[in-house]
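Examining the three-dimensional arrangement
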Amino acid sequence: MYIYRASHQPDMSRGIRADDAQTADELIEDYLDHLMAPLVGEMPYRMRVAVRDEMASHLRAVADAYVELGSEPDAAARDAIGRFGSAGLVARRWMAELDRHPAGGIADAPSAVAHLRSQRAALRWFGAAAGLSALTLLHLPGHILDTEVQIQYAAAVCLSAVAGMIVGWSTRIRPAWSVVRAMSVLALPMVGTYVAWAWWRGWDYWPFWGFVLGALQVTAWSWVGTCSASAVYWARTALTGITRRWAPQ
Amino acid sequence: MYDGDQSATVRRELLKGNTPTMVLAVLSRGPMHGYGIAREIERRSHGAVVLREGTLYPTLYGLEQQGMVTADWQPAPSGPKRRVYRITEEGLAELDARTRSWSVFVRAISNVIGGAPDVHIPGITPAGHVARDPGR
């Protein structure tokens, strides 16, 4: 049987070169790197090591079987990986199970990764909402004092509620704080968009009222976003029974 | 008509939610490690069940968390240690419930596909029409 571990001696009698072993091993290790990366912060370190070892052992056993059937080691490793499923799919299954049965990854070891992931999600969703709001703004049919326009302006606030709810559902740590951080990054472009819009439309309130409208939106979004994110986060933890995770500073 | 890829997709759709049942069924015959479970499912299904083998491990984790299986590391005859899973009493009870539920489901679907219902549902004629009340 062909052994992939670099510490083991490859079976040279079958004409397999030593660098083949490294290639096959590297393929498996690279695959496992991709699979395990999303689980950082979700699964405690020791558990990740154990799970990785277990899956590596499985992959090597499948690859061994393919080699027994006459495959080249790197082709065997590829086939084994193919049988295992895409790294993204397996990682998603792990995330789903960890959602149902948390392993205490973050609770046990609050990490910068968890914060970063949470803030990235907030920035992504609030960034998308801000982009959508800017597009709406560009297509406003009339003056800001028109009723129809005011309705559209008010509807923009709903975008922050939706973004906040998504952030509250998808993040695992300090969603409100992540929203505040995201809004602090987005404040300048949002206010700038309003000022530019007011200038472009050539209305009499430029630039001061454009600035005020932008600042109002940023303030409203911050409040609505943090409240909706927190509400959904708490509701989710209550519904799913997942322990709330607060990171000590 | 299905080509190969489509039938594989259908197979995967059918498998959804049934992997834990298959894992419990395999483990009910004795302790086994992950690779062995995958091979046993393949052997018992004569290769008809195509699992994404990587998804076995989250499933096993879920079952372990629910107390249906336990696991411990054991030395292998050759090579590194292996994590061996064994079914618990709770797991056996769950397997029993799932097996009964599955049997009912298979019979119902077979009846629908085969068009030969063996169960009479009051108020519904074999053709599926709602029976008229003769008193009216």
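This report concerns the structure included in the present document. (Residues numbered from 1 in each chain as written. Chains lettered and ligands numbered in written order. Predicted model: local features only at pLDDT ≥ 70, side-chain atom pairs only at ≥ 80, totals over all residues. Heavy atoms only, no water.)

Focus on the pattern of salt bridges
- As enumerated under the stated definition, the model contains 14 salt bridges over all chains in all.
- Its salt-bridge partner being Arg83 of chain A, residue Glu53 of chain B comes within 2.9 Å of it at the nearest N-O pair. Of the two residues, Glu53 of chain B sits in the loop between helix H3 (34–44) and helix H4 (56–65) while Arg83 of chain A sits in helix H3 (residues 73–84), which places them in two different chains.
- By relative accessible area, which is 2% here, Glu53 of chain B ends up buried.
- Overall, Arg83 of chain A belongs to the partly exposed group, its relative accessible area being 25%.
- Note that Glu53 of chain B is salt-bridged to Arg39 of chain B, the shortest N-O span being 2.5 Å. Of this pair, Glu53 of chain B sits in the loop between H3 and H4 while Arg39 of chain B sits in helix H3; the two residues are 14 residues apart in sequence, bridging distant segments of the chain.
- A network of salt bridges, in which partner residues are shared, links Asp25, Glu29, Asp33, Arg52 and Arg60 of chain A. (Salt bridge = Lys/Arg side-chain N within 4 Å of Asp/Glu carboxyl O. Helix = DSSP H or I, 4+ residues; strand = E, 2+ residues; numbered from the N terminus. Buried < 20%, exposed > 50% of the residue type's maximum accessible area, 1.4 Å probe, protein only.)

Let's talk about the interface of chain A and chain B
- At the junction of the two partners, chain A supplies 22 residues and chain B supplies 20 residues.
- Counting each side, the surface lost to burial between chain A and chain B is near 1900 Å², with a carbon and sulfur contribution of 62%.
- Three residues, Glu54, His58 and Arg83 of chain A, lead the burial of chain A against chain B; their summed loss comes to 33% of the area buried on that side.
- In this structure, Arg83 of chain A and Glu42 of chain B form a salt bridge, with 2.2 Å as the shortest nitrogen-oxygen distance.
- Seen at the junction of chain A and chain B, the total is seven residue pairs in polar contact (both at pLDDT 80 or more).
- Sorting the residues of the side of chain A that touches chain B by element identifies helix H2 (45–68), H3 and helix H4 (87–100) of chain A as the ones contributing at least two each. (Contact = heavy atoms within 4.5 Å. Buried area = accessible area lost by both parts, 1.4 Å probe. Polar contact = N/O pair within 3.5 Å; in protein donor to acceptor, adjacent residues only side chain to side chain.)

Let's talk about empty space enclosed by the protein
- Taken as a whole and assessed by the stated rule, the structure comprises three cavities of 30 Å³ or more.
- Together, 13 residues line the largest cavity, and Glu54, Ser57 and His58 of chain A together with His33 and Arg82 of chain B are the ones closest to its centre.
- The set of elements that each furnish at least two residues to the lining of the largest cavity consists of H2 of chain A together with H3 and strand E3 (82–87) of chain B.
- Take the lining of the largest cavity: its biggest share by element is five residues, from H2 of chain A.
- Among the residues forming the lining of the largest cavity, the class breakdown is four nonpolar, four polar and five charged. (1 Å grid on protein atoms, 1.4 Å probe; cavity = no way out; pocket = protein on both sides within 12 Å on 5 of 7 lines; lining within 4 Å. Points joined across faces, edges and corners; volume = space filled by probe spheres on them. Nonpolar A, V, L, I, M, F, W, Y, C, P; charged D, E, K, R; others polar.)

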